[in-house]
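A closer look at the structure
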Amino acid sequence: MAMHLRGVVLPDDEVRDLWLIGDRVTFEPVPGAETISDGGYVLPGLIDAHCHLGIARGGRPIESLEQARTLARADRDAGVLALRDAGSPYPYPQLDDDPEMPRLARAGRHIAPPKRYLRDIGVEVPAADVAAAVTAQAAAGNGWVKIVGDWIERDAGDLAPAWDADTMTAAVAAAHAAGVRAAVHTFSEAGVEIMVRAGVDSVEHGTGLSLDLIDEMARRGTALVPTMINIATFGGIAAQAEAKFPGYAAHMLALRDRFPEVVRAAYEAGVPIYVGTDAGGGIDHGLAADEMLLLHEQAGMSAVDVLAAASWRGREWLGFPGLVEGGLADLVVYDSDPRADLRVVRSPSRIVLKGRVLR
């Protein structure tokens, strides 16, 4: 049965009528449609542009498809109706077309240097095999690959690039040759510089960004997914590492402390920024609203731009059309205006995913 909604539709900021026919949106009246919402503020469903459905609490790979479903439901029930899995050690392509699951943009497994990443999470390869691993993981995902750009180098006692610049540039080229986009995990100054100049499509975290690199990202249109919730955990990481790697610990704290200003500078420079939590492992799912508030309160993004990063603009970036004629029937409704008080995003009054009313 067709459904009907009326409310202030964002980003247009107009009171409009929407009709949902199956999994599609139309502005053409549909006689006999059931009205499911009248009033409030209607947005395209939210996104989490950096999460991991294949990683369980504690940082270990999940062991079943049902675990992935459970994690995705936590996001879905918070109004997050599209996810980008930024690397999964557990394959779950069966969920791509599951009507109860959020829309999924997926990378395959992380591509990491040997013995320098989270155990059992990535495909660990030497420099000579990186490009081939990228090609293989492009086929395992549905539009993305995830490259580990840096991690702690224990002999040096601090962060260091995963491979040399030529290897990482070839990795990005291999991703593009395979028809997918490349995302890079990077904390360090050296790692992020290599990957931005290599032409990576999105920088994940990006704590080491300089003003010059931010300008370069803006020029190239390179996206930033800051995962500010994740960066807030650096204090715990530093405390664990302090005794054995004091230089690394101090570096992580310095990166954490300067990060809000890094994100603010990227925002002011016009770098495309999208909402991602890094859920999976140490971060719970369903916290996109918390990340949105951090971007607003700490990094100075306007409420409207945060909403765009988490909704219509983020969905467009991931390839999931919003509330346009013929667009996808994913939406959230809020009783009051989230532009006036962003905390409203914690409490959607109506959630519709793939044309099905969830709340």
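What comes next concerns the included structure. (Residues numbered from 1 in each chain as written. Predicted model: local features only at pLDDT ≥ 70, side-chain atom pairs only at ≥ 80, totals over all residues. Heavy atoms only, no water.)

The volume enclosed by the largest pocket comes to roughly 830 Å³. Around the largest pocket sit 29 residues that line it, and Leu118, Trp151, Phe187, Asn230 and Ile237 are the ones nearest its centre. Among the secondary structure elements, those contributing two or more residues to the lining of the largest pocket are strand S11 (150-153) and helix H7 (234-241). A per-element tally of the lining of the largest pocket places H7 first, with 3 residues. A class-by-class count of the residues in the lining of the largest pocket yields 13 nonpolar, 13 polar and 3 charged. (1 Å grid on protein atoms, 1.4 Å probe; cavity = no way out; pocket = protein on both sides within 12 Å on 5 of 7 lines; lining within 4 Å. Points joined across faces, edges and corners; volume = space filled by probe spheres on them. Helix = DSSP H or I, 4+ residues; strand = E, 2+ residues; numbered from the N terminus. Nonpolar A, V, L, I, M, F, W, Y, C, P; charged D, E, K, R; others polar.)

Let us look at the packing of helix H9 (residues 288-297) against helix H10 (residues 303-310). Taken N-terminus to C-terminus, the directions of H9 and H10 make an angle of 145°; their axes are 9 Å apart at the nearest point. With respect to the hand of their crossing, H9 and H10 are arranged in right-handed fashion. The segment H9 lies against H10, with Met292, Leu295 and His296 engaging Ala303, Val306, Leu307 and Ala310. For the contact of H9 with H10, the residue count by class is 6 nonpolar, 1 polar and no charged. (Axes fitted to C-alpha atoms, helices over the stretch in contact; angles between N-to-C directions. Left-handed = near helix turned anticlockwise from the far one by under 90°. Contact = heavy atoms within 4.5 Å.)

This brings us to the sheet that holds strand S6 (residues 80-85). Ordered by their spatial adjacency, 3 strands build an open sheet running S5-S6-S7, and the pairing between neighbours is parallel. Single-partner strands in this sheet number two, and they are strand S5 (46-51) and strand S7 (103-106). Averaged over all pairs of adjacent strands, the angle between strand axes in this sheet comes to 15°, irrespective of strand direction. Strand direction decides the pairing type here: S5 and S6, joined by 4 bridges, are parallel. For Ile47, the partnering residue across the bridge sits in S6 and is Ala82. (Pairing = 2+ DSSP bridges.)

Time to look at the nonpolar core. Val134 and Met292 are the most contacted members of the largest nonpolar core, which totals 99 residues. Counting residues per element, this core draws most heavily on helix H8 (residues 246-269), at 8 residues. Among all residues touching Met292, those that are not within four sequence positions of it are Leu46, Val275, Val306, Leu307, Ala310, Leu342 and Val345. (Core = buried A, V, L, I, M, F, W, Y, C linked by side-chain atoms within 4.5 Å. Buried < 20%, exposed > 50% of the residue type's maximum accessible area, 1.4 Å probe, protein only.)

Attention shifts here to the sheet that holds strand S18 (residues 356-357). Overall, mixed pairing links the 7 strands, which are arranged S3-S2-S1-S4-S16-S17-S18 in an open sheet. Two strands lie at the open edges of the sheet, namely strand S3 (24-26) and S18, each paired on one side alone. Note that strand S4 (residues 34-44) and strand S16 (residues 331-334) share 4 bridges and pair antiparallel. Within S16, the residue paired with Tyr41 across the bridge is Tyr334.

The terminal C-alpha atoms of H8, which comprises 24 residues, lie 34 Å apart, in line with the 34 Å expected from a rise of 1.5 Å per residue. Of all the bends in H8, the largest measures some 45° and sits at Phe259, one to four residues before the proline Pro260. Inspection of H8 places Tyr248, Ala249, His251, Met252, Leu255, Phe259, Pro260, Val262, Val263, Ala265 and Ala266 among the buried residues, and these make up the whole buried set. (Expected span 1.5 Å × (residues − 1). Bend = angle between axes of the 7 residues up to and from the residue.)

This part covers the packing of helix H3 (residues 165-177) against helix H4 (residues 189-198). Here H3 crosses H4 at 45°, and the two axes come no closer than 9 Å. Taken together, the axes of H3 and H4 are oblique relative to one another. Where H3 crosses over H4, the handedness of that crossing is right-handed. Side by side, H3 and H4 meet where Ala165, Met168, Thr169 and Val172 of the first sit next to Ile194, Met195 and Ala198 of the second. Its residues placed into classes, the contact of H3 with H4 shows 6 nonpolar, 1 polar and no charged. (Parallel < 35°, antiparallel > 145°, perpendicular 65-115°, else oblique.)

Scanning the entire structure with this criterion turns up 25 salt bridges. Glu216 is the salt-bridge partner of Arg220, the closest N and O atoms lying 2.7 Å from each other. Note that Arg220 and Glu216 are positioned in helix H5 (residues 211-220) at a spacing of 4 residues, about one turn of the helix. Here Arg220 falls in the partly exposed class, since its relative accessible area comes to 39%. Residue classification places Glu216 among the buried positions, given a relative accessible area of 13%. Ionic pairing is found between Asp337 and Arg339, a salt bridge with its closest N-O pair at 2.9 Å. Judged by relative accessible area, which is 26%, Arg339 ranks as partly exposed. (Salt bridge = Lys/Arg side-chain N within 4 Å of Asp/Glu carboxyl O.)

Right, let's get into the side chain of His52. Within the secondary structure, His52 is located in the loop between S5 and helix H1 (65-76). Overall, His52 belongs to the buried group, its relative accessible area being 4%. In terms of polar contacts, His52 uses its side chain to reach the side chain of Asp278, at 3.0 Å. Contact partners of His52, with chain neighbours within four places excluded, come to Leu71, Asp85, Ala86, Gly87, His110, Lys146, Asp278, Ala279, Gly280 and His285. (Polar contact = N/O pair within 3.5 Å; in protein donor to acceptor, adjacent residues only side chain to side chain.)

Turning our attention to the environment of His110. Secondary-structure assignment places His110 in the loop between S7 and strand S8 (111-112). Judged by relative accessible area, His110 falls into the buried class, the value being 1%. Considering only alpha carbons, one finds His110 and Ser88, 22 residues apart in sequence, at a separation of 7.0 Å. Apart from residues no more than four positions distant in its own chain, His110 is found in contact with His52, Ile55, Ala86, Gly87, Ser88, Tyr117, Ile121, Gly122, Val123, Lys146 and Val148. Polar side-chain contacts of His110 include one of 3.5 Å to the backbone oxygen of Ala86. Looking at His110, its side chain comes within polar contact range of the side chain of Tyr117, at 3.3 Å.

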